[in-house]
Amino acid sequence: MKTYYNPEDLKKFGNIADFEPNLAKKFFDYYGDVFKEGALTAREKSLIALAVAHAVQCPYCIDAYTSDALEKGCDEAQMMEAVHVTAAIRGGASLVHGVQMMNKYKELSM
Amino acid sequence: MTKSLLARHSALSDTQRQLQILSQAIPFGNEPHAFTTKLRESSLFPLTPTQIEIFQVNVGKMCNQVCKHCHVDAGPDRKEIMTRQTMQQCIDAANRSGAHTVDITGGAPEMNPDFRWFVEELSASGKKILVRCNLTIIVSNPKYHDLPEFFKAHNVEVVSSLPYFSAARTDSQRGEGVFERSIRALKMLNAVGYGMPGTGLTLNLVYNPSGAFLPADQAGLEHEFKQKLRKGWEIEFNNLFAITNLPVSRFLDYLIESGNYEGYMDKLIGAYNPAAAANVMCRNTVSVSWDGYLYDCDFNQMLDLKVDAPGSQHVSEWNTETLSQRSIVVNQHCFGCTAGAGSSCGGSVA
Ligand code: SF4
Ligand code: SF4
């Protein structure tokens, strides 16, 4: 079956270096540093990543960060709350533009 | 309810079948992903013992629980238990081995009718004793209600599994109602002083993931378990050991049945850590089966991979010298001990 997304491709992420090694190396080094324990804990970063994965709706990232969040000791309630944060911000981002719509409406109306 | 692989007549109850699956492990069965290759790259091949410190005795496969992940394939239907004669041979061997600790496991070791005799004899010989108690056994029958007192009388260190501080995750792995009964048993242990500051009575908990993922950082988990158990149930304990599930027996069956086998092996292999490999528990442990055979660890025991020490493969023919010169028998399941922070019966190793 041909599909756009193949779970096996996640493992091949590193292969992007085959076509352009220098930028790939910079990216992966940066990526590694971003997720290190810092001002935020590794667990907090994992939950942020999980929430962002849902915002960008990347199936690879959702698989990877579900697994990662479990390995950082998160439980299902925390993970679902993170997804609700995504939904709230996404929903809010749409709704707050309602003000723009209202402004335009008022501008165009008598 | 889960049944043992044996009761289910599963093909995996045959250890040869398990080894076949583990060694076929394509694509990771290829030379570059063999455990032996990784050890070679870390200059650890052949893997050799350091000094025997822990003498682990599996007194039988009988258990009141049938946990989904059990690498022993234990359960109420398992009748294989150690005789008093073999226990005596273990005491003699433990004394000759130089080990400072005897680690008693099962099954539920307390179900062996000679369990108390064994602990009493070991206690008299001055060894430090550790019992891997599944907690629920304490509340399963009035005849076990005094176990906390018995442990205390012999200064036994108690090590108990509690996969999570929630009923849902614990029960999904260990069986319906196990969390609630474990909490009751923990309270009984606390009541006699186990896990309480200043008593010197040690109660350690074991965390293992409820599924196909690696354990979180041990120190972080310990902190969280302490807070949650104290706040929710007023329970105290000493240390938490985070253990990785090894692809053996019922956990192997779970991995295959849930479609997680390849992904999990990939994860273990990808997380290989040479520092953990240098500290694997088989280097300072020897493991005895219910029928007296010797193994490098409890996992090898369940895969029937006996020690590579001709003339000293049974506790009745114990020879410290021969055993110290052996090479440890390794296979693909060993990747479970070397992933990330590593894993042993005492938790992380790196
Ligand atoms: S994991 Fe322990 S408690 Fe659970 S079935 Fe196996 S031996 Fe019994
Ligand atoms: S499974 Fe046993 S033999 Fe293999 S590394 Fe772990 S402790 Fe050692």
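As shown above, the structure is provided for reference.
Read on for a plain summary of the structure.

Cut-off values and rules
Residues numbered from 1 in each chain as written. Chains lettered and ligands numbered in written order. Predicted model: local features only at pLDDT ≥ 70, side-chain atom pairs only at ≥ 80, totals over all residues. Heavy atoms only, no water. Helix = DSSP H or I, 4+ residues; strand = E, 2+ residues; numbered from the N terminus. Rg over C-alpha atoms; globule rule 2.2 N^0.38 Å. Buried < 20%, exposed > 50% of the residue type's maximum accessible area, 1.4 Å probe, protein only. Contact = heavy atoms within 4.5 Å. Lys, Arg positive; Asp, Glu negative; His and termini not counted. Charge placed at Lys NZ, Arg CZ, Asp CG, Glu CD. Near = heavy atom within 4 Å. 1 Å grid on protein atoms, 1.4 Å probe; cavity = no way out; pocket = protein on both sides within 12 Å on 5 of 7 lines; lining within 4 Å. Sits in = over half its atoms within 2 Å of the grid points. Nonpolar A, V, L, I, M, F, W, Y, C, P; charged D, E, K, R; others polar. Salt bridge = Lys/Arg side-chain N within 4 Å of Asp/Glu carboxyl O. Polar contact = N/O pair within 3.5 Å; in protein donor to acceptor, adjacent residues only side chain to side chain. Core = buried A, V, L, I, M, F, W, Y, C linked by side-chain atoms within 4.5 Å. Phe/Tyr/Trp six-rings, centres within 6.5 Å; stacked < 30°, edge-to-face > 60°. Axes fitted to C-alpha atoms, helices over the stretch in contact; angles between N-to-C directions. Parallel < 35°, antiparallel > 145°, perpendicular 65-115°, else oblique. Left-handed = near helix turned anticlockwise from the far one by under 90°. Pairing = 2+ DSSP bridges.

1. Some words on the overall build of chain B
Looking only at helices and strands, one finds 15 helices and 8 strands in chain B. Compactness check: chain B gives a C-alpha radius of gyration of 19 Å against a globular reference of 20 Å for 350 residues, within 12% of the reference. Projecting the C-alpha coordinates of chain B onto the three principal axes gives extents of approximately 55 × 45 × 40 Å. Counting every position in chain B, which comprises 350 residues, the buried fraction comes to 58%. The contacts of chain B with a sequence gap of at least 6 include a subset with a gap of at least 24, amounting to 73%. Taking the average place of the 31 positive charges on the side chains of chain B and the average place of its 35 negative ones, the gap between the two points comes to 4 Å.

2. Remarks on the site of ligand 2
Residue and element names in this part refer to chain B. As a structural note, the neighbourhood of ligand 2 is formed by Leu246, Val280, Met281, Cys282, Cys297, Asn300, Ile328, Val329, His333, Cys334 and Cys337. Most atoms of ligand 2, that is more than half of them, are within 2 Å of grid points of the second largest cavity. Here the shell around ligand 2 is composed, by residue class, of 9 nonpolar, 2 polar and no charged.

3. Comments concerning the interface of chain A and chain B
Where interface size is given, it is often the accessible area lost as the parts come together that is meant. Between chain A and chain B, the residue contacts involve 11 residues of the former and 10 residues of the latter. For the pair chain A and chain B, the number of links is 4 salt bridges. The closest approach of N and O atoms between Lys267 of chain B and Glu71 of chain A, which form a salt bridge, is 3.0 Å. One can count 7 residue pairs in polar contact (both at pLDDT 80 or more) joining chain A with chain B. Every element with two or more residues in the side of chain A that touches chain B is listed here: α4 (59-71) and α5 (76-108) of chain A. A total of 3 residues in the side of chain A that touches chain B trace back to one element, the largest contributor, which is α4 of chain A.

4. A look at the nonpolar core
All names here are of chain B. Phe55, Ile104, Phe118, Phe151, Tyr194, Phe225 and Leu229 are the most contacted members of the largest nonpolar core, which has 116 residues in total. For Phe118, the residues in contact, after removing those within four places along its chain, are Val57, Val59, Met87, Cys90, Ile91 and Ile104. Val159, Val206, Phe241 and Ile243 belong to the second largest nonpolar core, which has 5 residues in total.

5. Description of the packing of aromatic side chains
Residues and elements named next belong to chain B. Considering all chains together, one arrives at 21 aromatic pairs over all chains under this definition. Centre to centre, the rings of Phe115 and Phe150 are 6.2 Å apart; their planes meet at 55 degrees, and the pair counts as tilted. Here Phe150 lies in helix α6 (residues 147-153) and Phe115 lies in helix α4 (residues 115-124), a separation of 35 residues in the sequence. Note on Phe115: relative accessible area 1%, which makes it buried. What makes Phe150 buried here is its relative accessible area of 8%. When the ring of Phe251 is compared with that of Tyr254, the centres are 5.5 Å apart and the planes differ by 35 degrees; the resulting orientation is tilted. Separated by 3 residues within a single helix, Phe251 and Tyr254 lie in helix α10 (residues 249-257), roughly one turn from each other. Classification of Phe251 as buried rests on a relative accessible area of 2%.

6. Looking at the pattern of salt bridges
Per the stated rule, a full pass over the model turns up 22 salt bridges over all chains. Salt bridges sharing common partners tie together Asp73, Arg78, Glu80 and Arg250 of chain B.

7. Topic: the packing of helix α3 (residues 42-55) of chain A against α4 of chain A
All names here are of chain A. Where α3 meets α4, the closest approach of the two axes is 9 Å, and the angle between their N-to-C directions is 155 degrees. By the angle class used here, α3 and α4 are roughly antiparallel. The crossing of α3 and α4 is left-handed. Where α3 abuts α4, its residues Ser46, Ala49, Leu50, Ala53 and His54 lie against Cys61, Ile62, Tyr65, Thr66, Asp68 and Ala69. Among the residues forming the contact of α3 with α4, the class breakdown is 7 nonpolar, 3 polar and 1 charged.

8. Considerations on the site of ligand 1
Residue and element names in this part refer to chain B. Neighbouring residues of ligand 1: Cys63, Gln65, Val66, Cys67, Cys70, Ala74, Gly107, Asn134, Arg174 and Arg250. Placement of ligand 1 is best described as lying within the largest cavity. The class makeup of the residues in the shell around ligand 1 is 5 nonpolar, 3 polar and 2 charged.

9. Observations concerning the sheet that holds strand β6 (residues 240-242) of chain B
Residue and element names in this part refer to chain B. Spatially, β6-β5-β4-β3-β2-β1-β7-β8 is the arrangement adopted by the 8 strands of the open sheet, whose pairing is mixed. Looking at which strands have only one partner, the edges of the open sheet turn out to be β6 and β8 (294-295). As defined by bridge partners, strand β3 (residues 128-132) adjoins strand β4 (residues 157-161) across 3 bridges and the pair is classed as parallel. Paired with Val131 across the two strands is Val158, which belongs to β4. Seen against the sheet, helix α9 (residues 218-233) touches β5 (203-207) and β6 and runs at an angle of roughly 135 degrees to β6.

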